[in-house]
Amino acid sequence: MTAEPFDVRTVTGAWDYATLPPNVQLARGCWIERPQSFERFRSTRAPGVRLDEGVRVYGWTVFNVEPGGSVLVGAGSVLVGAVFMCQERITLGRAVTVSYQVTIADSDFHPRDPRDRRRDAIASAPEGDPRERPPVESRPVEIGDNAWIGIGAIVLKGVHIGAGARIGAGAVVARDVAAGAHVTGNPATVVDPGEGE
Amino acid sequence: MTAGQVLPHDWFPRSLPPNVVVGARSWVFSAHAFLHCRSQRPCAVRIGQDTGIYHGTHFELGPEGEVEIGRWCTLVGAVICTNGRIVIGDCTFVAHEVVLADTAFAHPPDKPAEPAIGSSIEIGENAWIGARAVLLGGTRVGEGAVVGAGAVVDGEVPPYATVAGNPAKIVRTGG
């Protein structure tokens, strides 16, 4: 048994982006470090992912996009460790920075009601029937231009983050953040309301 | 392990950067740890003797970045991101998914260099950084201190204190 020689291009962004599904749309100048960022991409929407000009995607970023989901990223954004969990739609504006180990989810992916959740658990078993899964709620997430999502932050469904807002490290954001505001903590609270943008 | 060497156990077909120094009996899991190490400093990363740098650890250094790790340390998957200087003392444990960072991301190779920011993060000897903790620029963790899992720290942790939470608060003093 001989091991395949390791191709360094698959971890340095020099791989062939044409191998991505056709509903992943890339504008000019995008850089995606590793194809593994799309291993859990299963959107059938067009686009399922759209990256505008010059978006940089580091290897920790993961596009978990369900069949009905779309992730749209504005020009010049930097995605370092963005784990997108997308059922419906996640939209990032221009020049958004997403740091290490950030999760952005537009759904809880399981029902909150315990009886529905029991059905979901049984249908989700290795040999369960996924068609029996109850519907889950989703609410789109929107993040404005120049926003900054700090290390380890979690952004939950339905949240709108205004332009130029700063989300501190480790913050858990379940409510809207005004433009220019700085929030930290779990649950995230405003430490500086800013002056808007 | 010496600078510029290909690690005998490595899956990643690159040598250690020439400005990385690894002490006697220390272990680095892969040269992949230095994928985003763009430091131009004569010594970008100095790792003391008998220290283990295990899977998932990444040195994300800008052109002025420097990291110094002491002896008998164990790092099991930390992201260390700086364009300044990060120092970790002897006999320190750094747990899984810890981030030590003074910037939001590694310096991209095609962008103009930003100024160095001087001393950034210092962790004293015999400290313990819990899983998923985040240490931001300006953090000083004293000798023998403990940072709890998931804590977010951006200030002083006194020697032998234990901090936890976000933002981190002192939950115990004196070890």
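Residues numbered from 1 in each chain as written. Chains lettered and ligands numbered in written order. Predicted model: local features only at pLDDT ≥ 70, side-chain atom pairs only at ≥ 80, totals over all residues. Heavy atoms only, no water.

Novice: Can you help me understand the interface of chain B and chain A in this one?
Specialist: Interface size is often expressed as the accessible area that is lost when the parts come together. Counting residues at the interface gives 27 residues for chain B, matched by 21 residues for chain A. For the pair chain B and chain A, the summed buried surface comes to about 1900 Å²; carbon and sulfur atoms form 64% of the total. For the chain B face of the interface with chain A, the top three residues by lost area are Ala104(B), Phe105(B) and Asn166(B), together amounting to 27%. Run the count over chain B and chain A and you get 0 salt bridges. When residues of the side of chain B that touches chain A are traced back to their parent elements, those giving at least two are strand S5 (58-61), strand S8 (79-82), strand S11 (99-101) and strand S14 (134-136) of chain B. (Contact = heavy atoms within 4.5 Å. Buried area = accessible area lost by both parts, 1.4 Å probe. Salt bridge = Lys/Arg side-chain N within 4 Å of Asp/Glu carboxyl O. Helix = DSSP H or I, 4+ residues; strand = E, 2+ residues; numbered from the N terminus.)

Novice: Quick question: what am I supposed to make of the packing of aromatic side chains here?
Specialist: Here a ring pair, both rings aromatic, is described through the centre-centre distance and the interplanar angle of the planes. Enumeration according to the criterion identifies 10 aromatic pairs over all chains in this entry. Centroid distance Phe38(A) to Phe63(A): 4.7 Å. Interplanar angle 20°. Geometry classified as stacked. With Phe38(A) in the loop between strand S2 (31-32) and strand S3 (49-51) and Phe63(A) in strand S5 (residues 62-65), this pair connects stretches of sequence that are 25 residues apart. Its relative accessible area of 8% is what places Phe38(A) among the buried residues. Aromatic side chains Phe34(B) and Phe59(B) sit 5.0 Å apart centroid to centroid with 5° between the ring planes, which places their arrangement in the stacked category. With Phe34(B) in the loop between strand S2 (27-28) and strand S3 (45-47) and Phe59(B) in strand S5, this pair connects stretches of sequence that are 25 residues apart. Accessibility assignment for this pair places Phe34(B) and Phe59(B) in one class, buried. Site record: aromatic cluster; members linked through ring pairs are Phe38(A), Phe41(A), Phe63(A) and Phe84(A). Over the ring of Trp148(A) we find Arg166(A); its NZ or CZ atom is 4.4 Å from the centre of that ring. (Phe/Tyr/Trp six-rings, centres within 6.5 Å; stacked < 30°, edge-to-face > 60°. Buried < 20%, exposed > 50% of the residue type's maximum accessible area, 1.4 Å probe, protein only. Lys NZ or Arg CZ within 6 Å of the ring centre and 35° of its normal.)

Novice: What exactly am I supposed to notice about the environment of Lys169(B) here?
Specialist: With respect to the helices and strands, the residue Lys169(B) is situated in strand S20 (residues 169-172). Judged by its relative accessible area of 53%, Lys169(B) falls in the exposed class.

Novice: Is there a simple way to think about the confidence of the model for chain B in this case?
Specialist: Interpretation of the predicted coordinates at a detailed level should be avoided for regions scoring low in pLDDT. Residue and element names in this part refer to chain B. For chain B, the mean per-residue pLDDT works out to 92, and 94% of the residues sit at or above 70. Of all secondary-structure elements in chain B, the lowest mean pLDDT belongs to strand S12 (residues 119-123), at 90, while S3 reaches the highest, 98. Among the prediction metrics, the complex's ipTM stands at 0.87, with pTM recorded as 0.91. (pLDDT = per-residue confidence, 0-100.)

Novice: Can you walk me through the sheet that holds strand S14 (residues 154-155) of chain A in this structure?
Specialist: Within a sheet, neighbouring strands are paired by backbone hydrogen bonds and run either parallel or antiparallel to one another. All names here are of chain A. Taken together, the 5 strands give an open sheet; going across it, the order is S5-S8-S11-S14-S17, and neighbouring strands pair in parallel fashion. Two strands bound the open sheet, and with one partner strand each, they are S5 and strand S17 (172-173). Examined bridge by bridge, S5 and strand S8 (residues 82-86) share 4 bridges and lie parallel to one another. The partner of Val65 across the bridge, within S8, is Cys86. (Pairing = 2+ DSSP bridges.)

Novice: When you look at the state of the cysteines in this model, what are you seeing that I'm missing?
Specialist: Covalent bonding between the sulfur atoms of two cysteines defines a disulfide. For the coordinates displayed, the defined rule picks out 0 disulfides over all chains. Between Cys86(A), a free cysteine, and Cys30(A), which holds the nearest cysteine sulfur, the sulfur-to-sulfur gap is 18 Å. Here Cys73(B) is not cross-linked by a disulfide; its sulfur's nearest cysteine counterpart is in Cys91(B), at 6.8 Å. Its relative accessible area of 1% is what places Cys73(B) among the buried residues. (Disulfide = S-S within 2.5 Å.)

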